[in-house]
There are 2 protein chains.
Amino acid sequence: MSLPHAILTALLEKPSSGLELTRRFDRSIGYFWPSTHQQIYRELGKLERAGHIRVLPTAQPARGQRKEYEVLPAGREELSAWVSLAEDPRPVRDPLLLRMRAAAVVGAPGLAGELRRHLVLHREQLAEYLEIERRDFPPERTADEDRLRHLVLRGGIDLETFWTGWLTRAIDDLTGSGPGPGTGSRASDDS
Amino acid sequence: MSLPHAILTALLEKPSSGLELTRRFDRSIGYFWPSTHQQIYRELGKLERAGHIRVLPTAQPARGQRKEYEVLPAGREELSAWVSLAEDPRPVRDPLLLRMRAAAVVGAPGLAGELRRHLVLHREQLAEYLEIERRDFPPERTADEDRLRHLVLRGGIDLETFWTGWLTRAIDDLTGSGPGPGTGSRASDDS
DNA sequence: CGTCATTGTGCAACTAGTTGCATAACGAAG
DNA sequence: CTTCGTTATGCAACTAGTTGCACAATGACG
């Protein structure tokens, strides 16, 4: 149940309308909790009904008319409570790794190409994060209250760095020698 | 739609019953595509109806009676086709990063403790992967057909290495100086 | 004035994964 | 021989996320 809390966080940073929130997600919180406008509108409705947020009285409510939301005290408390919950890391669920594993069994003609494609995408994402870091967190003074936000960004940077590194080595390993395993046949398990 | 393909891969490696498959997932494919027995049984039913797998004739079909499945040619073809599909990396979706971001807004008394807890978990997972590597992929001869499987395992190892590194630095950064930001108040965006 | 693109809100249906539980066969213990 | 734990299969309801689309207001262009 993270999306409502992502929305509360974003609304505390700045009261917004649904679409505005969606756009801010696309270049901020959405980097580690992506969401669509449909989902966001639905969740805004729930949060309002729960008394966690309300429509700013300045805007008139009508279909197709902009509605700006702000967080109510109850919403802030809810978020505070959620922040201090313990929650185990979610298990990895990655189709690319699954594909490689399947390729070990049924063969993989174009797999190296797919790895190269992913490498490009991860490099782009990494560059985007580094650009944000350069812009928002210059080395001089790291404002105390920005430390957590910087750590989160560092997480994104380190994660993309891991992917580019691993993909590079995987491509080398796959194309460096022989044509690959073809249709494997063993029946052992594990790993 | 990855679960059916995960199951096809596992069944090609070795024909199995539902429960056996579940257990093999727990210490193998489930590391990057986790699944429960309920989901696996449901999917086995669909795969059988689709003509991708069949029950081995040796076992008699009855409720509460073991049924062993094997992959049919159509299933192998389906898997082959899926392996060569292009699929973009899924966006990250991580509650811990979200929590840190929320903590920058509403404060975070116990956050460092939670980070330490995660660090332990990731270290344990890393140790488990390294043990598997030591056991299944000794340095001497790397059999050609095992290369892909080893690469997948390397992915898990590198990923856990990234987490332990990042968490260690985050904990240092959070506990090293001042008491943290408390209730932040800024209203800027991005990052 | 009409129509067309843009901004904005939102519903409905679908898909995939999770949680809780029911049920059957079978062997071991009392 | 019955009861109990284990192995095994599976259904049903729920939750979260995705996809496709509908509709209202508004301002620009002809």
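Before any of the text, the structure's been laid out above.
Report on the accompanying structure. Since the structure is predicted, the reported quantities are computational estimates derived from the model, not experimental observations. (Residues numbered from 1 in each chain as written. Chains lettered and ligands numbered in written order. Predicted model: local features only at pLDDT ≥ 70, side-chain atom pairs only at ≥ 80, totals over all residues. Heavy atoms only, no water.)

So, about the protein's contact with DNA strand C. By nearness alone, 22 residues border DNA strand C, and L19(A), R23(A), Y41(A), M1(B) and R42(B) come closest of all. Atoms of DNA strand C within 4 Å of the protein: sugar and phosphate make up 62%, bases the balance. Here a phosphate oxygen of DNA strand C sits 3.3 Å away from a polar atom, N or O, in the main chain of G18(A). Interatomic distance of 2.4 Å between a side-chain N/O atom of R42(B) and a base oxygen of DNA strand C. Taken together, the elements giving at least two residues each to the surface near DNA strand C come down to α2 (18–26) and α3 (37–49) of chain A together with α3 (37–49) of chain B. If you tally residues by element for the surface near DNA strand C, the top one is α3(A), at four residues. (Near = heavy atom within 4 Å. Polar contact = N/O pair within 3.5 Å; in protein donor to acceptor, adjacent residues only side chain to side chain. Helix = DSSP H or I, 4+ residues; strand = E, 2+ residues; numbered from the N terminus.)

Another aspect to go through is the packing of helix α1 (residues 3–13) of chain B against helix α2 (residues 18–26) of chain B. Residues and elements named next belong to chain B. Two numbers describe how α1 lies on α2: the axes approach to 11 Å, and their chain directions differ by 100°. Relative to α2, the element α1 is oriented roughly perpendicular. Along its contact with α1, which presents L3, A6, I7, A10, L11 and E13, the element α2 presents L21, R24 and F25. (Axes fitted to C-alpha atoms, helices over the stretch in contact; angles between N-to-C directions. Parallel < 35°, antiparallel > 145°, perpendicular 65-115°, else oblique. Contact = heavy atoms within 4.5 Å.)

This paragraph deals with the protein's contact with DNA strand D. Not every one of the 22 residues close to DNA strand D is listed here, only the nearest: M1(A), R42(A), L19(B), R23(B) and Y41(B). Of all atoms in DNA strand D that approach within 4 Å of the protein, 61% are sugar or phosphate atoms. Between DNA strand D and Q38(A), the relevant distance is 3.2 Å, taken from a base oxygen to a side-chain nitrogen or oxygen of the residue. One of the side-chain nitrogen or oxygen atoms of R42(B) is found 3.5 Å away from a base nitrogen of DNA strand D. Going through the elements one at a time, α3 of chain A together with α2 and α3 of chain B are the ones with two or more residues in the surface near DNA strand D. Counting residues per element, the surface near DNA strand D draws most heavily on α3(B), at four residues. The residue makeup of the surface near DNA strand D, split by class, is four nonpolar, ten polar and eight charged. (Nonpolar A, V, L, I, M, F, W, Y, C, P; charged D, E, K, R; others polar.)

Moving on, we get to the environment of T161(A). Structurally, the position occupied by T161(A) is in helix α7 (residues 147–176). Each C-alpha atom of the pair T161(A) and Q125(A) lies 9.7 Å from the other, and the pair is 36 residues apart in sequence.

Our focus in this paragraph is the packing of α2(A) against α3(A). Axis angle and axis distance: for two packed helices, these are the angle between their axes and the distance between the axes, and together they describe the pair. All names here are of chain A. Interaxial distance between α2 and α3 falls to 9 Å at its minimum, and their mutual angle equals 125°. Compared by their axis directions, α2 and α3 come out oblique. In this structure, α2 meets α3 at a crossing whose hand is right-handed. For the pair formed by α2 and α3, the contact residues are G18, L19, L21, T22 and F25 on the first element and H37, I40, Y41 and L44 on the second. (Left-handed = near helix turned anticlockwise from the far one by under 90°.)

Another point: the sheet that holds strand β3 (residues 68–71) of chain A. Residue and element names in this part refer to chain A. In space, the three strands of this open sheet follow the order β1-β3-β2, with antiparallel pairing throughout. Two strands in the sheet have a free side with no partner beyond their single neighbour: β1 (16–17) and β2 (53–55). Sitting on the sheet, helix α1 (residues 3–13) is in contact with β1, β2 and β3, with an inclination near 100° to β3. (Pairing = 2+ DSSP bridges.)

Right, let's talk about the relation of the copies chain B and chain A for a bit. Rotating chain B by 180° and translating it 0.0 Å along the rotation axis places it on chain A, where the RMSD comes to 0.0 Å. The transformation just described matches what one would write down for a two-fold rotation axis. Distance from the rotation axis, computed per C-alpha, reaches its smallest value in chain B at F162(B): 3.3 Å. (Least-squares fit on C-alpha atoms with pLDDT ≥ 70 in both.)

For the structure on display, the rule yields six aromatic pairs over all chains. With a centroid separation of 5.7 Å and an interplanar angle of 80°, the aromatic rings of W163(B) and W166(B) are classed as edge-to-face. A residue pair is termed a helical-turn pair when its members lie 3 or 4 positions apart in one helix, as W163(B) and W166(B) do in helix α7 (residues 147–176) at three residues. By relative accessible area, W166(B) is classed as buried at 1%. Each member of the aromatic cluster is reached from another via a ring pair, and the members are F162(A), W163(A) and W166(A). In this structure, R99(B) is placed above the aromatic ring of W82(A), and the distance from its NZ or CZ to the ring centre is 4.2 Å. (Phe/Tyr/Trp six-rings, centres within 6.5 Å; stacked < 30°, edge-to-face > 60°. Buried < 20%, exposed > 50% of the residue type's maximum accessible area, 1.4 Å probe, protein only. Lys NZ or Arg CZ within 6 Å of the ring centre and 35° of its normal.)

These results come straight from atomic positions and should not be treated as a statement about function.
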